[in-house]
Amino acid sequence: MTQQNVVVCNTKSSVELSVFPAVTAPQKPPVAGGGYISISRRPRRVLKNLEINGDQRINAWVESMRASSPTHLKSTTSSFSEEHTSWILGHPSALDMFDEIIIRSMEKQIVMFLDYDGTLSPIVEDPDRAFMSNLMRKTVKKLARYFPTAIVTGRCKEKVYNFVRLAELYYAGSHGLDIKGPTTTTSKYNKDSKAEAVLFQPASEFLPMIDEVYQQLVDKTKSTPGAKVENNKFCVSVHFRCVDEKRWSELLHKVKSVLKEYPKLRLTQGRKVLEIRPTIKWDKGKALEFLLESLGFGNCNDVLPVYIGDDRTDEDAFKKLRERGQGLGVLVSKFPKDTSASYSLQDPNEVMEFLQRLVEWKQVTMQASS
Ligand SMILES: O=P(O)(O)OC[C@H]1O[C@H](O[C@H]2O[C@H](CO)[C@@H](O)[C@H](O)[C@H]2O)[C@H](O)[C@@H](O)[C@@H]1O
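Along each chain, residues carry numbers from 1 onward, in the same order as the chain's sequence is written. A pLDDT threshold of at least 70 governs which residues receive local features in this predicted model, and a stricter bar of 80 or more applies before side-chain atom pairs are shown or counted, although totals over entire chains, interfaces and linings include all residues.

1. Notes on the overall build of the chain
Strands are runs of DSSP state E lasting at least 2 residues, helices are runs of H or I lasting at least 4, and numbering of each runs from the N terminus. Regarding its fold elements, the chain presents 10 helices and 12 strands. To assign burial, the other C-beta atoms lying within 10 Å of each residue's own C-beta are counted, with C-beta atoms placed from the backbone; 20 or more indicates buried, 12 or fewer indicates exposed, and intermediate counts indicate partly exposed. The buried share of the chain, reckoned over its 370 residues, is 44%. The contact criterion used here is simple: two residues whose C-beta atoms, placed from the backbone, lie within 7 Å are in contact. The long-range share in the chain, meaning contacts at least 24 apart out of those at least 6 apart in sequence, stands at 65%.

Below is the structure:
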């Protein structure tokens, strides 16, 4: 495997490119209907998994697909409300805990990491129409005036940029496999850092393979009504939000039949989406770490990274914050889910309110000190 091609940065010059260890023993199937399965117990869902017990594995995956966006939970039952109450105790609302969060940020530089779908924009059926509101855009723009801000997404960087349209942000597209610094003038933060010049693509050699697989998946799945394949540059998404549940297993078989020819790609899941990615050790958590280093906060104690996201791939970033013993993870969810995040927000509206409060707090403290 050759080296990644573009690194214009003062930090990591090489990336581990070895593949994830394949799961060799059968794993417990994911929890049915209960949202995410435990992060700590969750096996890496590599494609090999599917081949261990044939149909059993497929069934486990289909169960997991059902649980991938748990809108079907019975939100009116008392057992749900008990579960929710106890979950909220463990993952309190970032709005309710705002004062505590501010205390934690004292004397520290907050760095913001924001997922896109389900965090800044509501989840919609058509991924090409997942627009963020103008108010959200204005809020993120203000936020970036005070704190370095990055969008970290599974989407292709260019596509998410077209939705967000803020040149002053950092963008980590394709689950962190395509990183770019702001394209506006000099940053206010860490004048010595080379963060603006950041351009990092650790999986560039996979581009031809991803294009090939994308094409094959389009061909293979066109007979499944509602299936949609999205080329995210360094990864591919196969959406099943609009596919009849009875056809999920058939769709999975189709995806699997394409991927069996590509052992260097792995299959994971997001919210009603199957995600195909290179098997390199790189994820949203690594992207977060990379951006912190690029900004000059690699080994600092006086930084507070705040990561807000709603999906399984965001768990890699939440875990990274826990590993670093630094910063805070905020899961966007109305439903209890196993997560490594410390706080929660219910939906993009609450995310916006939280970001607005951060901006207001910063404005007040700046006025007070001037
Ligand atoms: O890391 P993210 O920014 O959360 O990207 C994950 C996937 O997001 C998008 O799909 C999700 O949002 C769509 C629009 O609301 C929705 O239709 C879909 O069901 C969700 O999974 C994006 O389209 C995918 O390519 C990303 O993999």
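2. Some words on helix H7 (residues 248-259)
Each helix should span, by expectation, one fewer than its residue count multiplied by 1.5 Å. The terminal C-alpha atoms of H7 lie 16 Å apart, and with 12 residues this matches the ideal 16 Å at 1.5 Å per residue to within 8%. Here H7 has its buried residues at Trp248, Leu251, Leu252, Lys254, Val255, Val258 and Leu259. The arc enclosing the buried residues of H7, seen along the axis, measures out at 160°, which places them on a common side. Seen from the open side of H7, the exposed residues pointing more than 90 degrees away from its buried face are His253 and Ser257. Next to the buried residues of H7 lie helix H1 (55-66), helix H6 (207-221), strand S7 (236-239), strand S8 (265-270) and strand S9 (273-278). By construction, the arc corresponds to the directions joining the helix axis to the C-beta atoms.

3. Regarding the pairing of S7
In S7, alternate side chains face the same way, and those of Val236 and Val238 on one face and Ser237 and His239 on the other are all buried. Here strand S6 (residues 228-231) hands over to S7 after four residues, with Lys233 in that stretch at a positive phi of 70°. Two elements, S7 and S9, share four bridges in a ladder whose sense is antiparallel. Bridge pairing in S9 places His239 opposite Val273. Criterion used throughout: strands pair if DSSP finds at least two bridges between them.

4. What to know about the site of the ligand
Only the C-beta atom matters for nearness: placed from the backbone, it must lie within 6 Å of the molecule or strand for the residue to count as near. If you check the shell around the ligand, you find 24 residues, and the closest are Asp117, Pro127, Thr153, Gly154 and Ser237. Elements that contribute at least two residues to the shell around the ligand include exactly S7 and S9.

5. Notes on unusual backbone geometry
Of note, the phi angle at Ser174 is positive, near 50°, even though the residue is not glycine. Structurally, Ser174 can be placed in the loop between strand S3 (170-173) and strand S4 (178-180). Of note in the backbone geometry, His175 takes a positive phi value of approximately 60° without being a glycine. Within the secondary structure, His175 is located in the loop between S3 and S4. On the basis of neighbour count, His175 is assigned to the buried category, with 28 C-beta atoms found within 10 Å.

6. Remarks on the confidence of the model for the chain
Known as pLDDT, the predictor's per-residue confidence is scaled from 0 to 100. In the predicted model, the chain carries a mean pLDDT of 84, and the fraction of residues at 70 or more is 79%. Prediction confidence for the complex, expressed as pTM and ipTM, is 0.85 and 0.98 respectively.

7. A short note on the packing of helix H8 (residues 284-294) against helix H9 (residues 314-324)
Two elements in contact, H8 and H9, have axes whose closest approach is 6 Å; the angle formed by their N-to-C orientations is 50°. The orientation of H8 with respect to H9, classified from their angle, is oblique. On the side of H8, the interface is formed by Lys284, Gly285, Leu288 and Glu289, while H9 contributes Asp314, Asp316, Ala317, Lys319 and Lys320. Residues are sorted three ways: Asp, Glu, Lys and Arg are charged, Ala, Val, Leu, Ile, Met, Phe, Trp, Tyr, Cys and Pro are nonpolar, and all the rest, Gly among them, are polar. When grouped by side-chain class, the residues that make up the contact of H8 with H9 number two nonpolar, one polar and six charged. Angles run from 0 to 180 degrees between N-to-C directions of axes, and those axes are lines fitted to C-alpha atoms, restricted for helices to the stretch in contact. By the definition adopted for this analysis, an angle is roughly parallel if under 35 degrees, roughly antiparallel if over 145, roughly perpendicular if from 65 to 115, and oblique otherwise.

8. Considerations on the packing of H1 against H7
It is at 10 Å that the axes of H1 and H7 come closest, and there the two elements cross at 115°. When you trace H1 past H7, the crossing you get is right-handed. Residues Ile58, Trp61, Val62 and Met65 of H1 form the contact with H7, whose own contacting residues are Trp248, Ser249, Leu252 and His253. In terms of residue class, the contact of H1 with H7 is built from six nonpolar, two polar and no charged. Handedness of a crossing is defined here by the sense of rotation of the near helix relative to the far one, left-handed for an anticlockwise turn of less than a right angle and right-handed for a clockwise turn.

9. A word on the environment of Ala203
Looking at the secondary structure, you find Ala203 in the loop between strand S5 (199-200) and H6. For Ala203, a count of 26 C-beta atoms within 10 Å gives the class buried.

10. Here's the deal with the sheet that holds strand S1 (residues 109-114)
If you trace the eight strands from one edge of the open sheet to the other, you get S5-S4-S3-S2-S1-S10-S11-S12, paired in mixed fashion. For this open sheet the edge positions go to S5 and strand S12 (343-345), each flanked by a neighbour on one side alone. As paired strands, S1 and strand S2 (residues 149-152) are joined by three bridges and run parallel to one another. Its bridge partner lying in S2, Leu114 is registered against Ile151.

11. Describing the sheet that holds S8
The antiparallel open sheet is built from four strands, whose spatial order is S6-S7-S9-S8. Of all the strands in the sheet, just S6 and S8 have a single pairing partner and so form its edges. Strand after strand, the sheet turns through a mean of 20° between neighbouring axes, direction not considered. Bridge count for S6 against S7 is four bridges, and the pairing is antiparallel.

12. Things to note about the nonpolar core
A general trend in soluble globular proteins is that nonpolar side chains are found buried together. Linking buried Ala, Val, Leu, Ile, Met, Phe, Trp, Tyr and Cys residues through C-beta atoms within 7 Å yields a set, and such a set is a nonpolar core. Core analysis: the largest hydrophobic core is formed by 53 residues, its most contacted members being Ile151, Leu291 and Val330. Not counting residues up to four positions away in its chain, the partners in contact with Ile151 are Leu114, Tyr116, Val160, Val164, Leu169, Tyr171 and Ala172. Core analysis: the second largest hydrophobic core is formed by 31 residues, Met65, Leu177, Phe240 and Val255 among them.

13. Focus on the environment of Arg137
For Arg137, the position within the fold is in helix H4 (residues 134-146). The class for Arg137 is partly exposed, based on 16 C-beta atoms found within 10 Å. Each C-alpha atom, one on Arg137 and one on Leu166, is 7.9 Å from the other, the two residues being 29 residues apart in sequence. Setting aside anything within four residues of it in sequence, one finds Arg137 in contact with Met132, Val164, Arg165 and Leu166.

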